[in-house]
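Here's the letter readout for the chains.
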Number of protein chains: 2
Amino acid sequence: MTEDKQKTRERLVYEMARLVQTKGFNSTSINDVIQAVGIKKGTLYYYFSGKEELGLAVLEKDRDDFLSFLETNLSGKNPQKALEQFFKAAFKKHKDTGFVGGCLWGNTALEMSDTNPVYKKVVEKVFSEWIVRIEAVIRSGQQTGQIRADRSAGELAYLVVASIEGGIMISRITKKDGPFKSCLNSIRTLLRSENIHKKPDNHIR
Amino acid sequence: MTEDKQKTRERLVYEMARLVQTKGFNSTSINDVIQAVGIKKGTLYYYFSGKEELGLAVLEKDRDDFLSFLETNLSGKNPQKALEQFFKAAFKKHKDTGFVGGCLWGNTALEMSDTNPVYKKVVEKVFSEWIVRIEAVIRSGQQTGQIRADRSAGELAYLVVASIEGGIMISRITKKDGPFKSCLNSIRTLLRSENIHKKPDNHIR
């Protein structure tokens, strides 16, 4: 593909992603996308067989971006710090959007998981990859004694991911950052193996 | 309204609700609904001005059902038991559907909260009512010493509701009850003010 063609393809994916993030897949039409990019419908069909394939390209690009985000932010030798760094990065990412759009994975999970098996497969893979990575960090934290061990790392990993998705959901409805921030700060406190009456420190403000 | 007319209205709301639960509002058309009920389009317009008003009737009916569900299941004098009873009822409700459809409030929050201000208002009210009630139970539990008090009742209430919504989401993608069950059992353990190393008891199996 020439550089120009590559750019057109990227703009199609970018505009589709932007529309899907606010309106969802079902409400985004091919016409919306070509209008946003400023091309004719025929041009779109040079790159994609239709909306389904374009939507898949959006999910695949977002999957790669999200895996890089995990790689960057859920890292380091100290498991508790790695989790906290990840929480802060996730909070910043969503606060910066004013909680418009929310989490593409959560949105697509709820919109498509009962109706589109191809999209569902990508979403399921992303969640499973995310949960496995959080689980590994929690397990290390349990081994170092930082994280409580009265529930398994796997069970706590589900709770962490669920709290993040649910927290984004409530902040998205209220358009306030408080609910998501509370969820993150509370899950941090609750995961600690230290004395549970100790004062919280260094929380997201 | 005569009894027959009342029944037709109820069937319209019921079928719209059923369709919305799996496909979402945007993908459900007036034609889908009239086909499911087996009436002509003109008949629908006798009851509702259009899809928007029918959708609102679905949300209002579901809001009333959900408030009754809260009334029934989040009750009793023992705050910890009230929470546990609510968790069990929520788990059963969703397990019984095989995690198809998920939570209408979560779905509508993600599908409509950036695009439909009328629906958003109903969804926001339901979440706020839900959070306030959970918060009151947690506050009582903190007063009786059953629930940890190192985070405020309001912050913990956000976490509880977020864990439920996120848990349903992950179970809906995977079509397995394990993730939602883990979230509920873990949040129960983590909320307790007792020694955090005590063995878990009486969890949802």
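Residues numbered from 1 in each chain as written. Chains lettered and ligands numbered in written order. Predicted model: local features only at pLDDT ≥ 70, side-chain atom pairs only at ≥ 80, totals over all residues. Heavy atoms only, no water.

Moving on: the overall build of chain A. Tallying secondary structure elements over chain A gives nine helices and zero strands in all. The helix and strand sequence of chain A, counted from the amino end, reads α-α-α-α-α-α-α-α-α. Counting only C-alpha atoms and orienting by the principal axes, one finds that chain A spans roughly 65 × 35 × 30 Å. Here chain A, with 205 residues, has 54% of them falling under the buried criterion. Across chain A, the fraction of contacts at a sequence separation of at least 24, relative to all contacts at a separation of at least 6, is 60%. Counting every atom, chain A has about 9200 Å² of accessible surface; 51% of that belongs to carbon and sulfur. Taking the average place of the 33 positive charges on the side chains of chain A and the average place of its 25 negative ones, the gap between the two points comes to 5 Å. (Helix = DSSP H or I, 4+ residues; strand = E, 2+ residues; numbered from the N terminus. Buried < 20%, exposed > 50% of the residue type's maximum accessible area, 1.4 Å probe, protein only. Contact = heavy atoms within 4.5 Å. Areas by Shrake-Rupley, 256 points an atom, 1.4 Å probe, with all protein chains shown as cover. Lys, Arg positive; Asp, Glu negative; His and termini not counted. Charge placed at Lys NZ, Arg CZ, Asp CG, Glu CD.)

This part is about unusual backbone geometry. Both trends apply: most residues other than glycine have a negative phi, and most peptide bonds are in trans. The phi torsion at Phe99(A) lies on the positive side, around 60 degrees, for a residue other than glycine. Here Phe99(A) is to be found in the loop between helix 5 (79-96) and helix 6 (104-112).

The next thing to look at is the nonpolar core. Counting residues in hydrophobic clusters, the biggest one holds 132 residues, and the most contacted among them are Trp105(A), Phe127(A), Ile134(A), Trp105(B), Phe127(B) and Ile134(B). When residues no more than four places from it in sequence are discounted, the contact partners of Ile134(B) are Leu74(B), Leu83(B), Phe86(B), Ala157(B), Val160(B) and Val161(B). (Core = buried A, V, L, I, M, F, W, Y, C linked by side-chain atoms within 4.5 Å.)

Accessible area lost upon the coming together of the parts is a frequently used measure of interface size. All names here are of chain A. When the domains of chain A are assigned, the result is domain 1 (1-61) and domain 2 (74-205). On a C-alpha basis, the centres of domain 1 and domain 2 stand 30 Å from each other. Listed by partner, the interface residues are 11 residues for domain 1 and 15 residues for domain 2. Of the roughly 1100 Å² buried at the junction of domain 1 and domain 2 (both faces included), carbon and sulfur atoms supply 59%. On the domain 1 side of the contact with domain 2, Gln21, Phe25 and Leu59 bury the most area, a combined 53% of that side's loss. Counting across the domain 1 and domain 2 interface gives zero salt bridges. At the junction of domain 1 with domain 2, the criterion picks out six residue pairs in polar contact (both at pLDDT 80 or more). At the level of secondary structure, the elements contributing two or more residues to the side of domain 1 that touches domain 2 comprise helix 1 (3-23) and helix 4 (51-73). Looking at the side of domain 1 that touches domain 2, the element that brings in the most residues is helix 4, giving five residues. Residues belonging to the side of domain 1 that touches domain 2 are distributed by class as follows: four nonpolar, five polar and two charged. (Domains from an automatic or database assignment. Buried area = accessible area lost by both parts, 1.4 Å probe. Salt bridge = Lys/Arg side-chain N within 4 Å of Asp/Glu carboxyl O. Polar contact = N/O pair within 3.5 Å; in protein donor to acceptor, adjacent residues only side chain to side chain. Nonpolar A, V, L, I, M, F, W, Y, C, P; charged D, E, K, R; others polar.)

When chain A is fitted onto chain B, the two copies agree to an RMSD of 0.0 Å after a turn of 180 degrees and an axial shift of 0.0 Å. The operation mapping one copy onto its partner corresponds to a two-fold rotation axis. Most of the interface of chain A is mirrored in chain B: 100% of its interface residues are interface residues there too. (Least-squares fit on C-alpha atoms with pLDDT ≥ 70 in both.)

All right, on to the interface of chain A and chain B then. Opposite the 55 residues of chain A that make contact, chain B presents 55 residues. With both sides pooled, the region where chain A packs onto chain B buries about 4600 Å², and carbon together with sulfur makes up 66% of that total. At the boundary of chain A and chain B, one finds four salt bridges. Among the ionic pairs, Asp114(A) bridges to Arg172(B), the shortest N-O distance being 2.7 Å. Among the elements of the structure, helix 1, helix 6, helix 7 (117-144), helix 8 (153-174) and helix 9 (178-191) of chain A are those that each provide at least two residues to the side of chain A that touches chain B.

The subject of this paragraph is the packing of aromatic side chains. Summed over the entire model, instances satisfying the criterion amount to 18 aromatic pairs over all chains. Considering the side-chain rings of Phe66(A) and Trp130(A), the 5.2 Å spacing of their centres and the 80 degrees angle between planes classify their relative orientation as edge-to-face. You can see Phe66(A) sitting in helix 4 and its partner Trp130(A) sitting in helix 7, a full 64 residues away along the chain. On the numbers, 6.1 Å between centres and 85 degrees between planes, the contact of Phe99(B) with Phe180(B) is edge-to-face. With a gap of 81 residues between them, Phe99(B) in the loop between helix 5 (79-95) and helix 6 (104-112) and Phe180(B) in helix 9 (residues 178-191) connect regions that are remote in the sequence. The burial state of Phe99(B) is the same as that of Phe180(B); both residues are buried. Pairwise contacts between aromatic rings join Phe66(A), Phe69(A), Phe86(A), Phe127(A) and Trp130(A) into one cluster. Here the guanidinium or amino end of Lys93(A) rests over the ring plane of Phe69(A), the centre of that ring lying 5.2 Å away. (Phe/Tyr/Trp six-rings, centres within 6.5 Å; stacked < 30°, edge-to-face > 60°. Lys NZ or Arg CZ within 6 Å of the ring centre and 35° of its normal.)

Moving on, we come to helix 5 of chain B. Residues and elements named next belong to chain B. With 17 residues, helix 5 ought to run about 24 Å at 1.5 Å a step, and its terminal C-alpha atoms sit 24 Å apart, in line with that. By the burial criterion, the buried members of helix 5 are Pro79, Gln80, Ala82, Leu83, Glu84, Phe86, Phe87, Ala89, Ala90, Phe91 and His94. Considering only its buried residues, helix 5 is in contact with helix 4 (51-73), helix 7 (117-144), helix 8 (153-174) and helix 9. The N-cap of helix 5, judged by a side-chain oxygen 3.1 Å from the amide nitrogen of Gln80 a few residues on, is Asn78. (Expected span 1.5 Å × (residues − 1).)

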